[in-house]
Protein chains: 2
Amino acid sequence: MNTFALKGNICFSTDREHLSFFPHSYVICDNGVCAGVYQKFPDKYIGIPCIDYKDCLVLPGFTDLHVHASQYAFRGLGMDLELIDWLNTRTFPEEQKYEDLSYARRAYEIFVHDLLEGATTRACIFSTVHEESTLLLMELLEQAGFHAYVGKVSMDRNCPEHLCEKGAEAAVQAAEHWIRACADRFHNIKPILTPRFIPSCTDNLMRGIAFLREKYHLSLQSHLSENLGEIAWVKELCPDVGGYGEAYEKFGVLEGDRPVIMAHCVHSTPEEAELLKRRGVFVAHCPQSNTNLASGIAPVRKYLDMGIHVGLGSDIAAGHSLSMFRIMAEAIQCSKLRWRLSDQSLEPLRVEEAFYLATRGGGAFFGKVGSFEKGFAFDAVVADDSALRCPCHLTLRERLERLIYLADDRHVAAKYIVGRAVKGQAEGLPLRKNTLA
Amino acid sequence: MNTFALKGNICFSTDREHLSFFPHSYVICDNGVCAGVYQKFPDKYIGIPCIDYKDCLVLPGFTDLHVHASQYAFRGLGMDLELIDWLNTRTFPEEQKYEDLSYARRAYEIFVHDLLEGATTRACIFSTVHEESTLLLMELLEQAGFHAYVGKVSMDRNCPEHLCEKGAEAAVQAAEHWIRACADRFHNIKPILTPRFIPSCTDNLMRGIAFLREKYHLSLQSHLSENLGEIAWVKELCPDVGGYGEAYEKFGVLEGDRPVIMAHCVHSTPEEAELLKRRGVFVAHCPQSNTNLASGIAPVRKYLDMGIHVGLGSDIAAGHSLSMFRIMAEAIQCSKLRWRLSDQSLEPLRVEEAFYLATRGGGAFFGKVGSFEKGFAFDAVVADDSALRCPCHLTLRERLERLIYLADDRHVAAKYIVGRAVKGQAEGLPLRKNTLA
């Protein structure tokens, strides 16, 4: 049974600017759903298993809103190029290898293993154009206990022959074949339409993707306004639209009953930002990636102030680290450099905001995810900061800030996704009976 | 006996732009001094112990050119302030605690333990104004096997009463008393004069420090042109000089037969840069700190092109991490954002350059340090990257790049300082006899 309590120092975002802390309290998982946080164990639940994480922090799960699983093999390599050169030199040669299922298995097993070790509980993931290895990745993620969206990449131009789908019609058929292959195969891993970006997709492929989006009620993920050279190229490829975002809009891919993720939005114009807001698009802010490829720094606070959905992405392998702690820290750090070097109209992000983006902000793409308020999916990360030794007393707010700057996989003592233990001693619940029972 | 060989994939900087790689080779430590790298074991040394680190990388030691040991307790905390507010709110209240020797012991033991776990072999360290706890820190560092400079801070204005030395004369006497207390007490830990920065030091204190520098032939460390508010303040305090660097020059502290370290130099004018070059000053570039306090990004390439000495500093606790890997990565990352956001005249730093800065660049402050060329002090870091799994073959250059972006303490398998094993299995050499013997 999927009903239990965790005891510890519970912390979550109530909104973008506020954190709630409940020292030595209980958070209840009732059949995979959070039934609230209590300072005193609620009578209603007496008798359920209770795991006491002592002085650890108990945090909601973290969502990585943009990550390329097929690039994990070369994380931290070739960081001396800008986007288009980097794609041609590093990315496409690697992605070709995923036609070979045995290579894909070796690579994806490492990716899923490492993802499991960290704080990430949910992710929106790019694979490659290959159906079989994409299904394999989805299987591995499902087995590991993740809830995730995975997208087989669609692209039919401006890429090497072995990755280039043979015309828009073939590419749309391949996407549809894969969508059907997913049906009834996975419980928690869902397909998401994934046209790589405008430069890799002909107009007809884009129109076909919009058609599939409507037909199958699917979400969609892609890239937008990452790099100045890329933006200029889109202008050449789509001379009849006013901007990069409008190109997506023109083909109808932003419309639909399921939300869209656009990674980056570093250089979005005011009109493009308005479009993102109107269409309810989620911006995946990828500070590490945007730094490594020297793309720039997205105006995150502007998007938040406009009411645009924003979450954080590792963007492996333009980003080098899967760690959501490190991505939160770099979101704050980048916002400071943006403020200092180029635009003092936007204040730097604060700890509260970075934590919000990594939990509720990205989690909202999955629904009620990223908080311990009642009714949210029970995703939890137990953070043990005892190895980050300190000679003086720290408040819970200070301990959380320190985790953002200093924690890594070692500090993730346990992890739960929809009430299922996926990492840590508590695997195979119940471990300990609630002593109050 | 301090003569042995290490076997592994040996890598070091030959100059700022070039790395040398010697796969499965030997580096010889002859009585604490590097006797060169050999692909075949040299006949001359047959019989000495040889430790085979298999497929690990063997790197020179790393120098942290600017770190405040007394701030380590609050690393990763209070990162929402700029320099002066941060000093008053976070730093000074913490530094007052080091009057209490038992607190200092608890705090410094953690600092030294964590420093030992990472890749740092040499460091230039600030303590506080307190003599006793400074001597304790020096003892702990000596016991751990480090070679380091440690500075008792001098300051006599613009700081809380309990940290403020009572007049220039008393402050100079306190510095001299401490210098004498160090004499013959430590083998490898040396005192370094440490006037905090112009705003904390009266003119007479600065003149007294210059006097001590000449009298005792000491090095000196301080801060320069970190933050715009700080620079404006220095201008008010020293209205008769043209700039911040000139203030130090005016009091004579830059002159001397031992080199000076100036941390930051984010906003140095061309005249100030010329002064740094003329006086042979080492710039401690602290990218993480300069980001966290929103100070800006130093023009490192300009300094290198001018022939100024540059090394890297963690600048704990304005920087949050002691990891030299992370500091190298952030040096590259910051240089990219500087290029993108504010000045395309300076190309971003490359992997080769970041590695050079962290090894030879900062190491030069200690003499022949930071390389495996013959005659250099034998400082070595054995990096085991096997846990950074990869499905494909990587070159040594790629593995080094990946370490810079992804490694942490876990990947430091062993560490040697002047031929003494301070971390890792090889402690208590000789462990294994050379099979060639």
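Residues numbered from 1 in each chain as written. Chains lettered and ligands numbered in written order. Predicted model: local features only at pLDDT ≥ 70, side-chain atom pairs only at ≥ 80, totals over all residues. Heavy atoms only, no water.

### Looking at the sheet that holds strand 6 (residues 120-126) of chain A
Residue and element names in this part refer to chain A. Read across the open sheet, the four strands follow the order 5-6-7-9; overall the sheet is parallel. With one partner strand each, in any of the chains shown, strand 5 (62-68) and strand 9 (189-191) form the two edges of the open sheet. For this sheet, the mean inter-axis angle between neighbouring strands, taken without regard to orientation, is 20°. With respect to the sheet, helix 3 (residues 131-144) is in contact with strand 6, strand 7 (147-151) and strand 9, its orientation differing from that of strand 9 by roughly 155°. (Pairing = 2+ DSSP bridges. Helix = DSSP H or I, 4+ residues; strand = E, 2+ residues; numbered from the N terminus. Axes fitted to C-alpha atoms, helices over the stretch in contact; angles between N-to-C directions. Contact = heavy atoms within 4.5 Å.)

### Remarks on the packing of aromatic side chains
Using the criterion set out here, one finds 36 aromatic pairs over all chains in the structure. Ring centres 6.0 Å apart and planes at 50° place the aromatic pair Phe 74 of chain A and Trp 86 of chain A in the tilted group. Of this pair, Phe 74 of chain A sits in the loop between strand 5 and helix 1 (83-96) while Trp 86 of chain A sits in helix 1, placing them twelve residues apart in sequence. Ring plane angle 80° and centroid distance 5.5 Å describe the contact between Phe 4 of chain B and Phe 378 of chain B, whose orientation is recorded as edge-to-face. (Phe/Tyr/Trp six-rings, centres within 6.5 Å; stacked < 30°, edge-to-face > 60°.)

### Here we look at the layout of surface pockets
If you add up the space inside the largest pocket, you get close to 1100 Å³. Lining the largest pocket are 49 residues, and of these Asp 408 and Arg 410 of chain A together with Asp 408, Asp 409 and Arg 410 of chain B sit closest to its centre. Secondary-structure elements contributing two or more residues to the lining of the largest pocket are helix 2 (101-117) and helix 13 (396-406) of chain A together with helix 2 (101-117), helix 11 (324-341) and helix 13 (396-406) of chain B. Tallying contributions element by element places helix 2 of chain A first for the lining of the largest pocket, with four residues. Each residue belonging to the lining of the largest pocket can be placed in one class, and the counts come to 19 nonpolar, 14 polar and 16 charged. (1 Å grid on protein atoms, 1.4 Å probe; cavity = no way out; pocket = protein on both sides within 12 Å on 5 of 7 lines; lining within 4 Å. Points joined across faces, edges and corners; volume = space filled by probe spheres on them. Nonpolar A, V, L, I, M, F, W, Y, C, P; charged D, E, K, R; others polar.)

### Side note on the relation of the copies chain B and chain A
You can overlay chain B on chain A at an RMSD of 0.0 Å; the transform is a turn of 180° with a shift of 0.0 Å along its axis. Such a combination of rotation and displacement between the chain copies is what one expects of a two-fold axis. Of every C-alpha in chain B, the one belonging to Leu 341 of chain B sits nearest the axis of rotation, 3.2 Å from it. Most of the interface of chain B is mirrored in chain A, where 100% of its interface residues are also at the interface. (Least-squares fit on C-alpha atoms with pLDDT ≥ 70 in both.)

### Remarks on the interface of chain B and chain A
Counting residues at the interface gives 52 residues for chain B and 52 residues for chain A. Interface area for chain B against chain A, summed over the two sides, is near 4700 Å², with a carbon-plus-sulfur share of 57%. The interface formed by chain B and chain A contains six salt bridges. One salt bridge in this structure joins Asp 408 of chain A and Arg 410 of chain B, with 3.7 Å as the shortest N-O distance. Along the contact surface separating chain B from chain A lie 22 residue pairs in polar contact (both at pLDDT 80 or more). Elements with a minimum of two residues in the side of chain B that touches chain A: helix 1 (83-96), helix 2, helix 9 (287-292), helix 11 and helix 13 of chain B. No other element matches the ten residues that helix 11 of chain B contributes to the side of chain B that touches chain A. (Buried area = accessible area lost by both parts, 1.4 Å probe. Salt bridge = Lys/Arg side-chain N within 4 Å of Asp/Glu carboxyl O. Polar contact = N/O pair within 3.5 Å; in protein donor to acceptor, adjacent residues only side chain to side chain.)

### Describing the nonpolar core
Grouped together as the largest cluster of nonpolar side chains are 248 residues, with contacts concentrated most on Phe 111 of chain A together with Phe 111 of chain B. For Phe 111 of chain B, the residues in contact, after removing those within four places along its chain, are Val 67, Ala 69, Tyr 72, Ile 125, Leu 137, Leu 141 and Leu 322 of chain B. (Core = buried A, V, L, I, M, F, W, Y, C linked by side-chain atoms within 4.5 Å. Buried < 20%, exposed > 50% of the residue type's maximum accessible area, 1.4 Å probe, protein only.)

### Some thoughts on helix 4 (residues 168-182) of chain B
Residues and elements named next belong to chain B. In a regular helix each residue adds 1.5 Å, so 15 residues correspond to 21 Å; helix 4 covers 21 Å between its end C-alpha atoms and thus fits that length. Buried residues along helix 4 sit against helix 3 (131-144), strand 7 (147-151), strand 8 (153-154), strand 9 (189-191) and helix 5 (203-216). Downstream of helix 4 by one or two residues, Asp 184 has phi in the positive range, about 65°. (Expected span 1.5 Å × (residues − 1).)

### Some remarks on the confidence of the model for chain A
A low pLDDT means the predicted coordinates there should not be read in detail. Residues with a pLDDT of 70 or more make up 97% of chain A, whose mean pLDDT is 95. In the model, residues 427-437 of chain A has pLDDT below 50 throughout and makes 23 contacts with residues more than four positions away in sequence or in other chains. (pLDDT = per-residue confidence, 0-100.)

### What to know about helix 3 of chain B
Residue and element names in this part refer to chain B. Here helix 3 spans 20 Å end to end across 14 residues, near enough to the 20 Å set by a 1.5 Å rise per residue. Residues of helix 3 that are buried: Ser 133, Thr 134, Leu 135, Leu 136, Leu 137, Met 138, Leu 140, Leu 141, Glu 142 and Ala 144. Of the residues flanking the end of helix 3, it is Gly 145, one or two places downstream, whose phi is positive at about 100°.

### Section: the packing of helix 4 of chain B against helix 5 of chain B
In helix packing, the relevant descriptors are the interaxial angle and the interaxial distance, both defined with respect to the helix axes. Residues and elements named next belong to chain B. Remark: helix 4 packs on helix 5, axes separated minimally by 8 Å, with the N-to-C direction vectors making an angle of 25°. Judged by the inter-axis angle, helix 4 sits roughly parallel to helix 5. For the pair helix 4 and helix 5, the sense of crossing is right-handed. When helix 4 is examined against helix 5, the residues Ala 168, Ala 171, Val 172, Ala 175, Glu 176, Ile 179 and Arg 180 are found in contact with a partner set consisting of Asn 204, Leu 205, Gly 208, Ile 209, Leu 212, Lys 215 and Tyr 216. (Parallel < 35°, antiparallel > 145°, perpendicular 65-115°, else oblique. Left-handed = near helix turned anticlockwise from the far one by under 90°.)

### Focus on the side chain of Asp 385 of chain A
All names here are of chain A. Tracing the sequence through the fold places Asp 385 in the loop between strand 15 (380-383) and helix 13. Among the residues examined, Asp 385 registers a relative accessible area of 6% and is labelled buried. Beyond its immediate sequence surroundings of up to four residues, Asp 385 is in contact with Leu 57, Arg 399, Arg 402 and Leu 403.

### Some details on the pattern of salt bridges
All names here are of chain A. Throughout the structure, instances matching the rule amount to 59 salt bridges over all chains. When the shortest N-O distance is used, the salt bridge between Arg 399 and Asp 385 registers 2.8 Å. With a gap of 14 residues between them, Arg 399 in helix 13 and Asp 385 in the loop between strand 15 and helix 13 connect regions that are remote in the sequence. Exposure class is identical for Arg 399 and Asp 385. Each is buried. Here the salt bridges share partners, and the residues they tie into one network are Arg 16, Arg 301, Asp 305, Arg 350 and Glu 353.

### Here we look at the side chain of Thr 128 of chain A
Residues and elements named next belong to chain A. Within the fold, Thr 128 resides in the loop between strand 6 and helix 3. Among the residues examined, Thr 128 registers a relative accessible area of 0% and is labelled buried. Within the local environment of Thr 128, its side chain forms a polar contact with the side chain of His 130, the two groups lying 2.7 Å apart. Excluding anything up to four places from it in sequence, Thr 128 contacts Ser 70, Glu 95, Tyr 98, Tyr 108, Ser 133, Thr 134, Lys 152 and Val 153.

### Quick word on the environment of Ala 294 of chain B
Mapped onto the fold, Ala 294 of chain B is located in the loop between helix 9 and helix 10 (300-306). With relative accessibility at 5%, the residue Ala 294 of chain B sits in the buried group. The spatial distance from the C-alpha of Ala 294 of chain B to the C-alpha of Asp 80 of chain B is 8.9 Å, given a sequence separation of 214 residues. Every residue in contact with Ala 294 of chain B, bar those within four places of it in the chain, is listed here: Lys 336, Trp 339 and Arg 340 of chain A together with Glu 82 of chain B.

### Topic: the sheet that holds strand 12 (residues 260-264) of chain B
All names here are of chain B. Ordered by their spatial adjacency, four strands build an open sheet running 11-12-13-14, and the pairing between neighbours is parallel. Edge positions in the sheet fall to strand 11 (220-224) and strand 14 (309-312), since each of these pairs with one other strand and no more. The mean inter-strand angle of the sheet, taken between neighbouring strand axes irrespective of direction, is 30°. Relative to strand 14, strand 13 (residues 282-285) runs parallel, the two being bridged by four bridges. Looking at the pairing, Phe 282 lines up with His 309 of strand 14.

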